[in-house]
Amino acid sequence: PHPEQKKTSAEMLRIIAFLALLSSTAAFTPPTTSPVRTTSLSALAAWRDDALGAIPPVGYFDPLGLSNGKDDATMNLYREAELKHGRVAMAACLGWYVTAAGVHPAFNSQLSSDPLKAMKELPLVGWLQFVLGCGAIEWMAGQIKKRP
């Protein structure tokens, strides 16, 4: 490469780095609030166009109408369940990758590296521990919600 090409490519890298740095500053600015057009006839706050989860220009996105006729408490329960299921799915993906890599933190790594085979090889006491642990977490979440 010619010295001029090196100089222009170095300048281009500097410009790209500056633009990347400049674009990352948007993460630290407060969000701008713009008025959202309300098209819903419902008086309940859980699925109005200005409710949590509404995105302009669409508003509240519910193409299957699952929120029709639901009150605020039911919609909050649905949102809570959606968050829990998303977190469990992320943990399951991580567990799948860890198991597929041959790492088994329990059972002295005697289970198969294939997650589906390892699931079948898991003893009954392991499944019982899993089910009771999930139940305990759900019970504890219910107790926490009851607190003032």
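An account of the accompanying structure is given in this report. (Residues numbered from 1 in each chain as written. Predicted model: local features only at pLDDT ≥ 70, side-chain atom pairs only at ≥ 80, totals over all residues. Heavy atoms only, no water.)

1. Details of the overall build of the protein
Link 1 in the chain: Across its full length, the protein holds 4 helices and 0 strands.
Link 2 in the chain: Secondary structure of the protein in N-to-C order comes out as α-α-α-α.
Link 3 in the chain: In the protein, which comprises 148 residues, the proportion classed as buried is 9%.
Link 4 in the chain: Long-range contacts, defined here as pairs at least 24 residues apart, represent 22% of the contacts in the protein between residues at least 6 apart. (Helix = DSSP H or I, 4+ residues; strand = E, 2+ residues; numbered from the N terminus. Buried < 20%, exposed > 50% of the residue type's maximum accessible area, 1.4 Å probe, protein only. Contact = heavy atoms within 4.5 Å.)

2. Some thoughts on the layout of surface pockets
Link 1 in the chain: By volume, the largest pocket amounts to about 1100 Å³.
Link 2 in the chain: Taken together, 29 residues form the lining of the largest pocket, with Ala91, Ala92, Gly95, Trp127 and Phe130 sitting closest to its centre.
Link 3 in the chain: Listing elements by their share of the lining of the largest pocket, those giving two or more residues are α2 (72–100), α3 (115–121) and α4 (124–146).
Link 4 in the chain: Per element, the largest residue contribution to the lining of the largest pocket is 11 residues, and it comes from α2.
Link 5 in the chain: When its residues are assigned to classes, the lining of the largest pocket shows 20 nonpolar, 6 polar and 3 charged. (1 Å grid on protein atoms, 1.4 Å probe; cavity = no way out; pocket = protein on both sides within 12 Å on 5 of 7 lines; lining within 4 Å. Points joined across faces, edges and corners; volume = space filled by probe spheres on them. Nonpolar A, V, L, I, M, F, W, Y, C, P; charged D, E, K, R; others polar.)

3. Re the pattern of salt bridges
Link 1 in the chain: In the structure shown here, the tally under the stated rule is 3 salt bridges.
Link 2 in the chain: Residue Glu80 is joined to Lys145 by a salt bridge in which the shortest nitrogen-to-oxygen separation is 3.0 Å. Placement of the pair is Glu80 in helix α2 and Lys145 in helix α4, with a sequence separation of 65 residues.
Link 3 in the chain: A relative accessible area of 24% places Glu80 in the partly exposed class.
Link 4 in the chain: In this structure, Lys84 and Glu138 form a salt bridge, with 3.0 Å as the shortest nitrogen-oxygen distance. Remark: Glu138 occurs in helix α4 and Lys84 occurs in helix α2; sequence separation between them is 54 residues. (Salt bridge = Lys/Arg side-chain N within 4 Å of Asp/Glu carboxyl O.)

4. What to know about the packing of aromatic side chains
Link 1 in the chain: Scanning the model with the defined rule gives 1 aromatic pair in all.
Link 2 in the chain: Judged by centre distance (6.0 Å) and plane angle (90 degrees), the rings of Trp127 and Phe130 are edge-to-face. Residue Trp127 and its partner Phe130 are located together in helix α4, separated by 3 residues, close to a single helical turn.
Link 3 in the chain: Look at Trp127 and you get partly exposed, because its relative accessible area is 33%. (Phe/Tyr/Trp six-rings, centres within 6.5 Å; stacked < 30°, edge-to-face > 60°.)

5. A look at α2
Link 1 in the chain: End to end, α2 covers 42 Å across 29 residues, agreeing with the expected 42 Å (1.5 Å per residue, within 8%).
Link 2 in the chain: Looking one or two places after α2, you find Gly102, whose phi comes out positive at around 95 degrees. (Expected span 1.5 Å × (residues − 1).)

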